[in-house]
Amino acid sequence: KSSKREWKPLEDHSCTDVPWLLLFILFCIGMGFICGFSIATGAAARLLSGYDSYGNICGQKNVKVEGIVNSGLDLTHKKYVFFLDPCNIDLVHQRIKSLALCVSACPRKELKTLADIQKFAETNGSALCSYELQPSEYTTDPRATKLCPKYPVPESAPIPFFHRCAPVNISCYAKFAEALITFVSDSSVLHRLISGVMTSKEIIMGLCLLSLVLSMILMVIIRYISRVLVWILTILVILGSLGGTGVLWWLYAKQRISASAAETQIAKDNLQALLIYAISATVLMVILFLIMLVMRKRVALTIALFHVAGKVFIHLPLLVFQPFWTFFVLILFWTYWITVLLFLGTTGSPVPNEEGFVEFRMVGPLKYMWWYHVVGLVWISEFILACQQMTVAGAVVTYYFTREKRNLPFMPILASVNRLVCYHLGTVAKGSFIITLVKIPRMILMYIHTQLKGKENACARCMLKACICCLWCLEKCLTYLNQNAYTATAINSTNFCTSAKDAFVILVENALRVAAINTVGDFMLFLGKALIVCSTGLAGIMLLNYQQDYTIWVLPLIIVCLFAFLVAHCFLSIYEMVVDVLFLCFAIDTKYNDGSPGREFYMDKVLMEFVENSRKSMKEAGRGGGAEGRELKPM
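Residues numbered from 1 in each chain as written. Predicted model: local features only at pLDDT ≥ 70, side-chain atom pairs only at ≥ 80, totals over all residues. Heavy atoms only, no water.

Novice: When you look at the overall build of the protein chain in this model, what are you seeing that I'm missing?
Specialist: Assigned secondary structure in the protein chain consists of 19 helices and eight strands. Expressed as a percentage of its 635 residues, the buried residues of the protein chain come to 45%. Put simply, 71% of the contacts in the protein chain that link residues at least 6 apart link residues at least 24 apart. Entry remark: accessible area of the protein chain is about 32,900 Å², with carbon and sulfur atoms responsible for 67%. (Helix = DSSP H or I, 4+ residues; strand = E, 2+ residues; numbered from the N terminus. Buried < 20%, exposed > 50% of the residue type's maximum accessible area, 1.4 Å probe, protein only. Contact = heavy atoms within 4.5 Å. Areas by Shrake-Rupley, 256 points an atom, 1.4 Å probe, with all protein chains shown as cover.)

The following block contains the structure:
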């Protein structure tokens, strides 16, 4: 019945899935309650001002904690938290295993002996040893070895807004990262990697900006030369992959000759990294060529869709900026979420630990609030992404089903946002909640897999990975179905379940076309991403080549390529959404309209030409009795 129901694009607008909107609002109120509770219990003051190991908040008068010495002190003039051993980090309990004190100032230079610590206290009025020791006793009292900082005391500076003294030297952070990255057996390698990043930070920032500019340029090119874009991308990727692979092998041969003269560890590391890069680039180049050889027959279909999508971007230029708004909103929410998470880490009642110091812990049901907070992270993040999908779908639907493009709204994107806010927030909330129901179990299984790594048997490990893989595939399928459901909601203003069912029927009826379009379209967009990553990586290789004597390339180049891929993915994913929405509109158009009076097509002339040409070619293939002729039967 659903497949025979009449589609009436943009004729009716009504509120959809209102109960789910109310549920989402109640959930957001619960998230606000967690934030308010953590602030009301003093967590905000402890987070921002910092507190010592005795439960005293720095920079204010404190209340005595029963059974804890040195608690309840007046620390109005001591506004900074100082750790006696800041590099002693307990990764299991996620804290610094060191006595924390409130001090008047952070040591701005290295202090090598107890005499230097005593001189610093007398000169600056900032005592770096425990409260029970006077500065005059630092060099005479035997307790100073335990109650004073581990020396040499590194140069430190206060962290802005958080009043913690943090070491300026990156060696401390290198040790922390060394503990996190367990696969690095040689700690000196990790230290050199981090120093390479710090040395090349200007180049990294410049290359990240270059990837952003290249993504914007590619979006402009897609708008104006969509007909030849496929061939241009194909040729550029071939030349780029050949050129990049050739440059890598050339640099490897050049450095191999010069490496014999300079037997430094950095030169050996760079030579090994170049060999790995060159082999990887060669393998990827061969795989790309094979895929392009298989896909060459379906280029015509991609050209037609890309051409119409290019017209959409010409009429709806604000679509290009959708990733910016979505990313900006996500950053704001993630900043809020991390802030509240830090609040939760310092909220609760003061409790003495086994070492005699104070920890703040929540007791009773309140200690499970962070689970609610984690669910909120996933659901609200998916809600924001779904709002972007609904906005893009609404704008493209308006474009497609408006016969006279001169009659388009002044700002179709803003009109789509207005319809989303007024009518369809409940549908977006329901769709994002379904994704959350799949994503959270997968995250839990991934966490269990990480914790049990090396401890479980082979059968359990295989089953766990299989479950994670199945949930990942289910999540991807639901995400694709959700996007088409949002398109159906934008067309007919129906609730989520009805829209998902209608869209699913249309997709099943056009399953072969869906497979062809997704395969070829996604591959061409992948080529665009590969072009941006290859261009940015090649620029990075040429720039970092001038620092080969004192910089390891591995980490800077990986950071740049990952950022380039993420930027390209954000921009080209909008193009992918437009193509998917256009296809669903096209399938609905050809199913319910036949071009007769009163049932005229809405589609663009390019798509009409494509339909006619494809029918001719399919009929010719059908005369031969081939399997392909039967599979590619016209809609």
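On we go.
Novice: Hey, could you run me through the layout of surface pockets in this one?
Specialist: Empty space among the atoms can be located by rolling a probe the size of a water molecule over them. Approximately 1,500 Å³ is the volume attributed to the second largest pocket. Lining the second largest pocket are 43 residues, and of these Leu385, His569, Cys570, Ser573 and Met577 sit closest to its centre. For the lining of the second largest pocket, the secondary structure elements donating two or more residues are α11 (322–346), α12 (369–400), α13 (412–451), α14 (458–492), α16 (511–544) and α17 (554–592). Classifying every residue of the lining of the second largest pocket by side-chain character gives 22 nonpolar, twelve polar and nine charged. (1 Å grid on protein atoms, 1.4 Å probe; cavity = no way out; pocket = protein on both sides within 12 Å on 5 of 7 lines; lining within 4 Å. Points joined across faces, edges and corners; volume = space filled by probe spheres on them. Nonpolar A, V, L, I, M, F, W, Y, C, P; charged D, E, K, R; others polar.)

Novice: What should I look at first to understand the state of the cysteines in this one?
Specialist: Should the sulfur atoms of two cysteines be covalently bonded, the bond is a disulfide. Within this structure, the stated rule accounts for three disulfides. Covalent S-S linkage joins Cys106 and Cys165, the inter-sulfur distance amounting to 1.9 Å. The disulfide joining Cys106 to Cys165 has a torsion of about -80° about its S-S bond and is therefore left-handed. Separated by 59 residues along the polypeptide, Cys106 in the loop between β4 (100–103) and α3 (114–124) and Cys165 in strand β6 (residues 165–167) bring together distant segments of the chain. Taking relative accessible area as the criterion, Cys106 reaches 5% and is therefore assigned buried. You can call Cys165 buried: its relative accessible area is 6%. Here Cys129 pairs with Cys148 through a disulfide, and the sulfurs are 1.9 Å apart. Of note, the bridge from Cys129 to Cys148 carries an S-S torsion of about 110° and is right-handed in sense. Taken together, the residues Cys129 in the loop between α3 and α4 (144–147) and Cys148 in the loop between α4 and β5 (156–158) connect sequence positions 19 residues apart. Cys470 provides the cysteine sulfur closest to Cys467, a residue in no disulfide bond, and the two sulfurs are 6.6 Å apart. Taking relative accessible area as the criterion, Cys467 reaches 41% and is therefore assigned partly exposed. (Disulfide = S-S within 2.5 Å.)

Novice: Honestly, the packing of aromatic side chains in this entry has me stumped. Any pointers?
Specialist: Between two aromatic rings, the relevant description is the distance of the centres plus the angle of the planes. Here the structure, examined in full by the defined rule, presents 15 aromatic pairs. Relative to Phe433, the ring of Trp20 has its centre 5.3 Å away and its plane inclined at 45°; by these criteria the two rings are tilted. With Trp20 in helix α1 (residues 18–40) and Phe433 in helix α13, this pair connects stretches of sequence that are 413 residues apart. Here the aromatic rings of Tyr400 and Phe401 are separated by 5.0 Å at their centres, their planes lie at 70°, and the arrangement is edge-to-face. Accessibility assignment for this pair places Tyr400 and Phe401 in one class, buried. Pairwise contacts between aromatic rings join Trp20, Phe24, Phe27, Tyr372, Trp379, Phe383 and Phe433 into one cluster. The ring of Tyr592 has Lys591 sitting right over it, with the charged end atom 5.7 Å from the ring centre. (Phe/Tyr/Trp six-rings, centres within 6.5 Å; stacked < 30°, edge-to-face > 60°. Lys NZ or Arg CZ within 6 Å of the ring centre and 35° of its normal.)

Novice: Can you help me understand helix α15 (residues 496–509) in this one?
Specialist: Because an α-helix completes one turn every 3.6 residues, residues spaced three or four positions apart along the sequence face the same direction. The end-to-end C-alpha separation of α15 is 20 Å, in line with the 20 Å expected for 14 residues at 1.5 Å each. Within the sequence span of α15, burial applies to Phe496, Ser499, Ala500, Asp502, Ala503, Ile506 and Leu507. With its buried residues spanning 165° around the axis, α15 presents them on a single face. Regarding α15, its N-cap is Asn495, as a side-chain oxygen of that residue lies 3.3 Å from the backbone nitrogen of Cys497 further along. (Expected span 1.5 Å × (residues − 1). Arc of directions from axis to C-beta. Polar contact = N/O pair within 3.5 Å; in protein donor to acceptor, adjacent residues only side chain to side chain.)

Novice: Got a minute to help me understand the side chain of Asn70 in this structure?
Specialist: Along the polypeptide, Asn70 turns up in the loop between α2 (43–49) and β1 (80–83). Engagement of the side chain of Asn70 in a polar contact is seen with the side chain of Glu132, the distance being 3.0 Å.

Novice: Please clarify how a nonpolar patch on the surface should be interpreted in this entry.
Specialist: A contiguous nonpolar surface patch, about 840 Å² in accessible area, is contributed by Leu48, Ile159, Phe161, Phe162, Phe327, Ile331, Trp334, Ile338 and Leu342. Take the nonpolar patch: its biggest share by element is five residues, from α11. Residue position: Phe162 is located in the loop between β5 and β6. (Patch = residues over 30% accessible without salt bridge, like charges linked within 9 Å, V, L, I, M, F, W, Y side chains within 5 Å. Salt bridge = Lys/Arg side-chain N within 4 Å of Asp/Glu carboxyl O.)

Novice: Whenever I open this one, the packing of α14 against α15 confuses me. Can you help?
Specialist: Axes are the key here: two packed helices are described by the angle between their axes and the distance separating the axes. At a minimum axis distance of 8 Å, the contact between α14 and α15 shows a crossing angle of 110°. Looking at the two axes, α14 sits roughly perpendicular to α15. Mapping the contact onto sequence places Tyr480, Leu481, Asn482, Asn484, Ala485, Tyr486, Ala488 and Thr489 in α14 and Phe496, Ser499, Ala500, Ala503, Phe504 and Leu507 in α15. A per-class count over the contact of α14 with α15 returns ten nonpolar, four polar and no charged. (Axes fitted to C-alpha atoms, helices over the stretch in contact; angles between N-to-C directions. Parallel < 35°, antiparallel > 145°, perpendicular 65-115°, else oblique.)

Novice: What am I meant to see in the pattern of salt bridges here?
Specialist: Close approach of charged atoms allows side chains with opposite charge to pair. Counting across every chain of the model gives five salt bridges. A salt bridge links Arg442 to Glu475; the nearest nitrogen and oxygen atoms lie 3.0 Å apart. Linking Arg442 in helix α13 with Glu475 in helix α14, this pair joins segments that are 33 residues apart in sequence. By sharing partners, the salt bridges in this structure join Glu382, Lys439, Arg442 and Glu475 into a single network.

Novice: Just to check I follow, could you spell out the nonpolar core for this structure?
Specialist: Soluble globular proteins tend to pack their nonpolar side chains together in the buried interior. In this structure, Val312, Phe313, Leu319, Val396, Tyr400, Val578 and Leu582 are the most contacted members of the largest nonpolar core, which totals 61 residues. Residue assignment for this core shows that the elements contributing at least two residues are α7 (201–224), α10 (299–315), α12, α14, α15, α16, α17 and α18 (605–623). No other element matches the 19 residues that α17 contributes to this core. Those residues within four positions of Val312 in sequence are excluded, and the remaining contacts are Leu319, Val396, Tyr399, Val578 and Leu582. (Core = buried A, V, L, I, M, F, W, Y, C linked by side-chain atoms within 4.5 Å.)

Novice: Teacher, can you tell me more about the packing of α1 against α13 here?
Specialist: Here α1 crosses α13 at 70°, and the two axes come no closer than 7 Å. On the basis of the axis angle, α1 is roughly perpendicular to α13. The handedness of the crossing between α1 and α13 is left-handed. Here α1 contributes Trp20, Leu21 and Phe24 to the contact with α13, which in turn contributes Leu425, Gly426, Ala429, Lys430 and Phe433. (Left-handed = near helix turned anticlockwise from the far one by under 90°.)

Novice: What is the right way to read α3 from this model?
Specialist: Turning to α3, its buried residues number three or more, namely Leu114, Ile117, Gln118, Phe120 and Ala121. Seen end-on, α3 carries its buried residues on one side only, within an arc spanning 160°. Opposite the packed face of α3, turned more than 90 degrees from it, sit the exposed residues Lys119, Glu122 and Thr123. Where α3 is buried, its residues meet α4. Immediately beyond the C-terminal end of α3, within one or two residues, lies Gly125, with a positive phi of roughly 70°.

Novice: Quick question: what am I supposed to make of the side chain of Thr245 here?
Specialist: In this fold, Thr245 is placed in helix α8 (residues 226–259). According to the relative accessible area criterion, Thr245 is buried, its value standing at 6%. Those residues in contact with Thr245, other than ones at most four positions away along the chain, are Ala278, Ala281, Thr282 and Met285.

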